[in-house]
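Each chain is listed here by its residues.
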Amino acid sequence: MAGEHRLLLHNAQQLVLICTKGEKYLLQAGMQNLAVLDNASVVIGKDGCIKAVGHADAIHQQFSEASFEKIIDCSGKCILPGLVDAHTHPVWAGDRVHEFAMKLAGASYMDIHQAGGGIHFTVEHTQKASEEELFNTFRHRLLRMLRAGTTLAECKSGYGLNLETELKMLRVIEQARRLLDSNISSTYCGAHSVPKGKNATEATDDIINNHLPKLKELNLSGEIHVNNIDVFCEKGVFDLNCTRRILQAGKEIGLQINFHGDELHPMKSAELGGELGAQAISHLEEISDEGIAAMASAKCAAVLLPTTAYMLRLKQPQARRMLKEGVIVALGSDFNPNAYCYSMPIVMHLACVNMKMSMNEALAAATINAAYALGRSDMYGSIEKGKQGDLIIINSSRWEHLIYQFGGHQELIEYVIVKGKVIYKNESVMGY
């Protein structure tokens, strides 16, 4: 029957499945032994989900070529799952290139923050920007992420701080979720910084008494769909008590806890996350031994952000220690005006070089474990029957080139596929 299935990716040199038994996440041993098939094919159905995965000969015998709407010959190429970016701040106005110069001259993140720059600079510009302006720049950034292989991204608000602008950002994220090809996990991050004119306790009360009830109302009406709640738990921002109150209130309206912790100072954020049943905590450059144990016990994912540590010249997160102690390690780009990197291949490369992860571990952290950090590993993060057909095809006979070629993804990634549809074809890719 013609067109019974949407897509056949045929005869790939390597097909990187990641896992094969429906695992929700991989720990160190599993990350080091990824499932890879040679000379393999993938079938994606009209519903956008994977129908079959296997050796090319077996798929050829099982399915008639006439039953596919589209066939891509992947000879000499590799197929990988679409990458998952577990931490981004992609909706904002006003870049901070001038602050990069200040950092290079020796200013710290908190020096800039306390001088009225940093988050407050972006908040001022984002509050003034129209919804249309924010959507257009966000759409452009998502397209750049897609071209770098990211098919699922966590996207935060957090440059509004007042209810009106936070809702404007969440509406922009919702509009992108409905209209664009990217898969999005939406995060309310109204506690990204303490707004001018308030102290942390007053800001916390405002979020709990005003912001979260409105979010609950809009979520229930279907006007927006918010998945996660985030707080910047940090010295001089939201302390542990304020963080606990906000996260607990978010959890009570059905949001997953996924927050910034232990970045610049040890705050016992990881211990708090374990106690509250957080899905994930990001940064963790200053995590304690007790925090590592708490996260491992609670199956709380550690979203490590190697670009941030690199750009802010922070000490690197303890990836090897976390892996050894049984923590679920994921990766994110932390794309934002302070750390402008949207490329998960570059993030994986930095994770390998600076955090001493292996290439296998980095890929698992940027696929199945990043999906787990968003509570989405049931449908994303690996190439398995029943999961959504989000894949990338690279023009290389070994998948490791995606990480090995630092900054080389523009030439390597030939196709980006979401729900079995080709949403990006790189016409500049040439064989070599």
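Computed from a predicted model, the values in this text were never measured in an experiment.

Student: Where do I start with the packing of aromatic side chains in this structure?
Tutor: The full count for this structure, using the stated rule, is 6 aromatic pairs. Where W92 meets Y340, the ring centres are 6.2 Å apart and the plane angle is 85°; that geometry is what we call edge-to-face. Here the residue W92 occupies a position in the loop between strand 6 (83–85) and helix 3 (97–104), and Y340 occupies one in the loop between strand 13 (329–331) and helix 14 (344–355), the gap between them amounting to 248 residues. Of the residues examined, W92 reaches a relative accessible area of 3% and is grouped as buried. Taking relative accessible area as the criterion, Y340 reaches 39% and is therefore assigned partly exposed. Each ring, one from F335 and one from Y342, has its centre 6.5 Å from the other, and the planes form 70°; the classification is edge-to-face. The pair formed by F335 and Y342 is uniform in burial state, with each residue classed as buried.

Student: Help me out: how do you make sense of the UniProt feature "domain: Amidohydrolase-related" (unreviewed entry) in the chain in this one?
Tutor: In the numbering used here, UniProt assigns the feature "domain: Amidohydrolase-related" (unreviewed entry) to residues 79–422. End-to-end, the C-alpha atoms of residues 79–422 are 13 Å apart, and along that stretch the chain is 45% helix and 16% strand.

Student: How should I be thinking about the sheet that holds strand 9 (residues 228–231) in this particular structure?
Tutor: Pairing between sheet strands relies on hydrogen bonds along the backbone, with the strands arranged either parallel or antiparallel. On the basis of which strands lie adjacent, the open sheet formed by 8 strands has the order 6-7-8-9-10-11-12-13 and parallel pairing. Taken across any chain shown, the strands that pair with only one partner, and hence form the sheet edges, are strand 6 and strand 13. Ignoring strand direction, the axes of neighbouring strands in this sheet form an average angle of 25°. Strand direction decides the pairing type here: strand 10 (residues 256–261) and strand 11 (residues 280–283), joined by 4 bridges, are parallel. In the strand pairing of strand 11, H260 is matched with S282. The strands touched by helix 9 (residues 240–252) within the sheet are strand 8 (183–191), strand 9 and strand 10, with strand 9 carrying the most contacts at an inclination of about 175°.

Student: Explain helix 10 (residues 269–276) here, please?
Tutor: Along an α-helix, residues three or four positions apart point the same way, because every turn accommodates 3.6 residues. The element helix 10 is extensively covered by neighbouring structure, given that 6 of its 8 residues are classed as buried. The complete set of buried residues in helix 10 reads S269, A270, E271, L272, G273 and L276. Residues of helix 10 that are buried in the fold lie against helix 9, strand 10, strand 11 and helix 11 (289–298). G277 occupies a position one or two residues after helix 10 and carries a positive phi of about 75°.

Cut-offs used in this document
- Residues numbered from 1 in each chain as written.
- Predicted model: local features only at pLDDT ≥ 70, side-chain atom pairs only at ≥ 80, totals over all residues.
- Heavy atoms only, no water.
- Phe/Tyr/Trp six-rings, centres within 6.5 Å; stacked < 30°, edge-to-face > 60°.
- Helix = DSSP H or I, 4+ residues; strand = E, 2+ residues; numbered from the N terminus.
- Buried < 20%, exposed > 50% of the residue type's maximum accessible area, 1.4 Å probe, protein only.
- UniProt positions renumbered as here; feature names shortened; annotations may be inferred.
- Pairing = 2+ DSSP bridges.
- Axes fitted to C-alpha atoms, helices over the stretch in contact; angles between N-to-C directions.
- Contact = heavy atoms within 4.5 Å.

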